[in-house]
Amino acid sequence: MKSVLILNGPNLNLLGTRQPEVYGSETLAMVEDRCRGHAEALGLAVTCVQSNHEGVLLDHIHAAKGTHHGLVLNAGAYTHTSVALMDAIYSVELPTVEVHLSNIHSRESFRHRSYISRAAIGQICGFGSFGYLMALDALQQHFSGGAPI
Ligand code: DQA
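Just so it is clear, the structure is predicted and the values come from calculations on it, not from any experiment.

## With respect to the sheet that holds strand E1 (residues 3-8)
No. 1: On the basis of which strands lie adjacent, the open sheet formed by five strands has the order E2-E1-E3-E4-E5 and parallel pairing. The outermost strands of the open sheet, each flanked by one partner alone, are strand E2 (45-50) and strand E5 (122-125). Each neighbouring strand pair of the sheet contributes to a mean axis angle of 20°, computed without reference to strand direction.
No. 2: Taken together, the three bridges between strand E3 (residues 70-74) and strand E4 (residues 96-100) define a ladder with parallel strand orientation. In the sheet register, Leu 71 faces E4, and the bridge partner there is Thr 96.
No. 3: Across the sheet, helix H2 (residues 28-42) lies against E1 and E2, angled at about 165° from E2, the strand it touches most.
No. 4: Those strands touched by helix H6 (residues 130-143) are E1, E2, E3, E4 and E5, and its axis lies near 155° from that of E3.

## Overview of the packing of H2 against H6
No. 1: Remark: H2 packs on H6, axes separated minimally by 9 Å, with the N-to-C direction vectors making an angle of 25°. Considering their axes alone, H2 and H6 lie roughly parallel with respect to each other. For the pair H2 and H6, the sense of crossing is right-handed. Side by side, H2 and H6 meet where Val 31, Arg 34, Cys 35, His 38, Ala 39 and Leu 42 of the first sit next to Phe 130, Tyr 132, Leu 133, Leu 136, Asp 137 and Gln 140 of the second.
No. 2: Residues belonging to the contact of H2 with H6 are distributed by class as follows: eight nonpolar, two polar and two charged.

## Here's the deal with the pattern of salt bridges
No. 1: In this structure the tally under the stated criterion is five salt bridges.
No. 2: Ionic pairing is found between Arg 36 and Asp 33, a salt bridge with its closest N-O pair at 2.9 Å. With Arg 36 and Asp 33 both in helix H2, this residue pair falls three residues apart, about one helical turn.
No. 3: Where Glu 108 meets Arg 107, a salt bridge forms, and the shortest distance between an N and an O atom there is 3.8 Å.
No. 4: Overall, the relative accessible area of 35% leaves Glu 108 in the partly exposed class.
No. 5: By sharing partners, the salt bridges in this structure join Glu 32, Asp 33 and Arg 36 into a single network.

Criteria and thresholds
Residues numbered from 1 in each chain as written. Predicted model: local features only at pLDDT ≥ 70, side-chain atom pairs only at ≥ 80, totals over all residues. Heavy atoms only, no water. Pairing = 2+ DSSP bridges. Helix = DSSP H or I, 4+ residues; strand = E, 2+ residues; numbered from the N terminus. Axes fitted to C-alpha atoms, helices over the stretch in contact; angles between N-to-C directions. Contact = heavy atoms within 4.5 Å. Parallel < 35°, antiparallel > 145°, perpendicular 65-115°, else oblique. Left-handed = near helix turned anticlockwise from the far one by under 90°. Nonpolar A, V, L, I, M, F, W, Y, C, P; charged D, E, K, R; others polar. Salt bridge = Lys/Arg side-chain N within 4 Å of Asp/Glu carboxyl O. Buried < 20%, exposed > 50% of the residue type's maximum accessible area, 1.4 Å probe, protein only.

So, in structure tokens, the structure goes:
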């Protein structure tokens, strides 16, 4: 069975109360539950982790090598700043799908740049928590060697 690490970065622990008009009203626990249910239906194992600390996120990406087969990453604001997270994804060589709840390309210009995108197999944004389920679908497709990724 393929295993996926779903990693959420800074401030995503506040989902549900944090700017619900931008990020929706579901809590992170609700989003993670939906991911577990969808992963089960796809025949994937998932582990969900959230941290507000860049170094902790790096440690989880490093530890994923040899443990998990793919990553779903919402790096929050570190998306736009962290060369270190990008380098970690390159280093572990795990297929990574970048997710954002909001459409980062329709927001402030500083959100348009993603360091994660350079190392990811693809980016999903603007579909709220449904994006995480789409990311699991994309990874499963990737694992099975299916087109287009
Ligand atoms: C986010 C978008 C980022 O720009 C922001 O800093 C977040 C959340 C999203 O899921 O839409 O923390 O990654």
